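Residues per chain, in single letters:
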Amino acid sequence: MSEGPSPGVSHAPGEERIREELARVLASHEFRSSKRSQDFLRYVIENTLKGHADVLKERTIGIEVFGRSTSYDPSDDATVRVKAGEVRKRLGLYYSAEGAHDPVRIELPSGTYVPEFRIVADASASEPAPATESLRPRAPFVTQRRAALSAATLIALAVVVWLAIRPAVTPLDQFWAPVLRGASPVFVCAAFVPVWGLDTNAPKPVRAEDFVALPDQFVGGGDLIATSRLTAMLTKLRHPYRLKVGNDVSFADMRSGPAILVGYSYTRWKEISSQMRFFIKDAPGFVGITDNGSNTDWNLPDLPRDRHTGEDYAIVSRVFHPDTHAMLVELAGITQYGTDAAGDLVTNPDLMAEALRGAPKDWQSKNLQLVLKVKVISGAPTSPKVIQRYFW
């Protein structure tokens, strides 16, 4: 008779078992909070099961799963690579906890978008039945020694599991460490944007004086999205924060603790960021980013009056500011799209890791500015690409 499989040996599961496992994974805590991760995993698995693994390329996934246009260029948009890395991490977390005893495992090896599947053999089911024990009672010290060994084994196993699943210190953690040091609440500040309302009783034709300024009432859509990402991150980290809007922010506030300014580059706080190397200038004849006061090629010469654009630029700054004597983070795009993308960068571990790849070894203790380029597709910003970095 041939021997049965050895404990722990993996086998290829059938389609039905794979789909059952996929359902368990998608319903887990790690995946149910991220629809894009669910869509990505479901797409690559279904295509693999249908024998279409050859189509699982970065560009195809970007178009089919994330709605990118047919002109999508993966070299300018890292969305698929970033999401694949996130899915790998979520799978690792799932199988280290909730899915540790699942009979089937789904894996996404690095360097490919083709998933692999394997059956996890139950070692306990393959162990031989214990021999009949002698009726002679065992010596007490033997029982105690075995109990001590079992306890030591469990402790060692717990340490190994903890080391495997504990959160690693990521570039995102390092970026925020100087800002979140201590117990002082962070001021998260969103800017008001200027809006004019038309007097509905005004006679026709409409004149300039028929428009009425509506100050301190409206916040930009991209600023709002970036602010929501930041407050969600701070809530998850259990770090206190105070949300401020527009004129509710004072220099006294900013001196009392760290602050995050969202969309503030050319508002009433522009004197703060204008002292930095990179600055957003919105003036007649030039709408773009300046470098030490000089205009650059990072501009939007054909920006329409409604500010809907196919690309944008943004700046992320993290500095110890001499005027406020506190840590300051600023996120600002030329338009709402850039601010939205900057908020995505500073709350996404994978995007931040890519942005700071190759940075100086001691960048964590330096002031920094990142200049971002963002493509806008169907009214939504793609993952930003860092085009310039400055550390001092």
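Residues numbered from 1 in each chain as written. Predicted model: local features only at pLDDT ≥ 70, side-chain atom pairs only at ≥ 80, totals over all residues. Heavy atoms only, no water.

Caption draft 1: Quick look at helix α1 (residues 15-26). With 12 residues, α1 extends 16 Å from end C-alpha to end C-alpha; this agrees with the ideal 16 Å at 1.5 Å per step. Those residues of α1 that sit buried are Ile-18, Glu-21, Leu-22, Val-25 and Leu-26. Buried positions in α1, seen along its axis, are confined to an arc of 130° and lie on one side of it. (Helix = DSSP H or I, 4+ residues; strand = E, 2+ residues; numbered from the N terminus. Expected span 1.5 Å × (residues − 1). Buried < 20%, exposed > 50% of the residue type's maximum accessible area, 1.4 Å probe, protein only. Arc of directions from axis to C-beta.)

Caption draft 2: Focus on the packing of helix α3 (residues 35-49) against helix α5 (residues 79-96). In contact at an axis separation of 10 Å, α3 and α5 are set at 90° when each is read in the N-to-C sense. Between α3 and α5, the angle falls in the class roughly perpendicular. The segment α3 lies against α5, with Arg-36, Ser-37, Phe-40 and Leu-41 engaging Thr-79, Val-80, Lys-83, Ala-84, Glu-86, Val-87, Arg-90 and Leu-91. Here the residues of the contact of α3 with α5 are counted per class, giving six nonpolar, two polar and four charged. (Axes fitted to C-alpha atoms, helices over the stretch in contact; angles between N-to-C directions. Parallel < 35°, antiparallel > 145°, perpendicular 65-115°, else oblique. Contact = heavy atoms within 4.5 Å. Nonpolar A, V, L, I, M, F, W, Y, C, P; charged D, E, K, R; others polar.)

Caption draft 3: The environment of Gly-221, seen in detail. Along the chain, the position of Gly-221 falls in helix α9 (residues 221-237). Assessed through its relative accessible area of 35%, Gly-221 is described here as partly exposed. Taking C-alpha positions, Gly-221 is 6.4 Å from Gln-336, a pair spaced 115 residues apart along the chain.

Caption draft 4: Inspection of the sheet that holds strand β10 (residues 294-299) at higher detail. With antiparallel pairing, the three strands of this open sheet are ordered in space as β8-β9-β10. In this open sheet, the two strands that pair with only one neighbour each are β8 (278-283) and β10. For this sheet the average axis-to-axis angle between neighbouring strands, irrespective of direction, equals 45°. Looking at chain direction, β8 and strand β9 (residues 286-291) are connected through six bridges and run antiparallel. Bridge pairing in β9 links Ala-283 to Phe-286. (Pairing = 2+ DSSP bridges.)

Caption draft 5: Region of interest: unusual backbone geometry. Phi angles above zero are rare outside glycine, and Arg-238 is one such case at about 60°. Mapped onto the elements of the fold, Arg-238 is located in the loop between α9 and β6 (241-245). Here Arg-238 falls in the exposed class, since its relative accessible area comes to 78%. The backbone of Asn-292 shows a phi angle near 50°, a positive value even though the residue is not glycine. Of note, Asn-292 is situated in the loop between β9 and β10. Residue class for Asn-292 comes out exposed when judged on its relative accessible area of 59%.

Caption draft 6: Just the pattern of salt bridges, in detail. For the coordinates displayed, the defined rule picks out 18 salt bridges. A salt bridge links Glu-46 to Arg-19, with the nearest nitrogen and oxygen atoms 3.0 Å apart. Here the residue Glu-46 occupies a position in helix α3, and Arg-19 occupies one in helix α1, the gap between them amounting to 27 residues. Residue classification places Glu-46 among the partly exposed positions, given a relative accessible area of 21%. Among the salt bridges present, the one from Glu-86 reaches Arg-90, with a minimum N-O distance of 2.7 Å. (Salt bridge = Lys/Arg side-chain N within 4 Å of Asp/Glu carboxyl O.)

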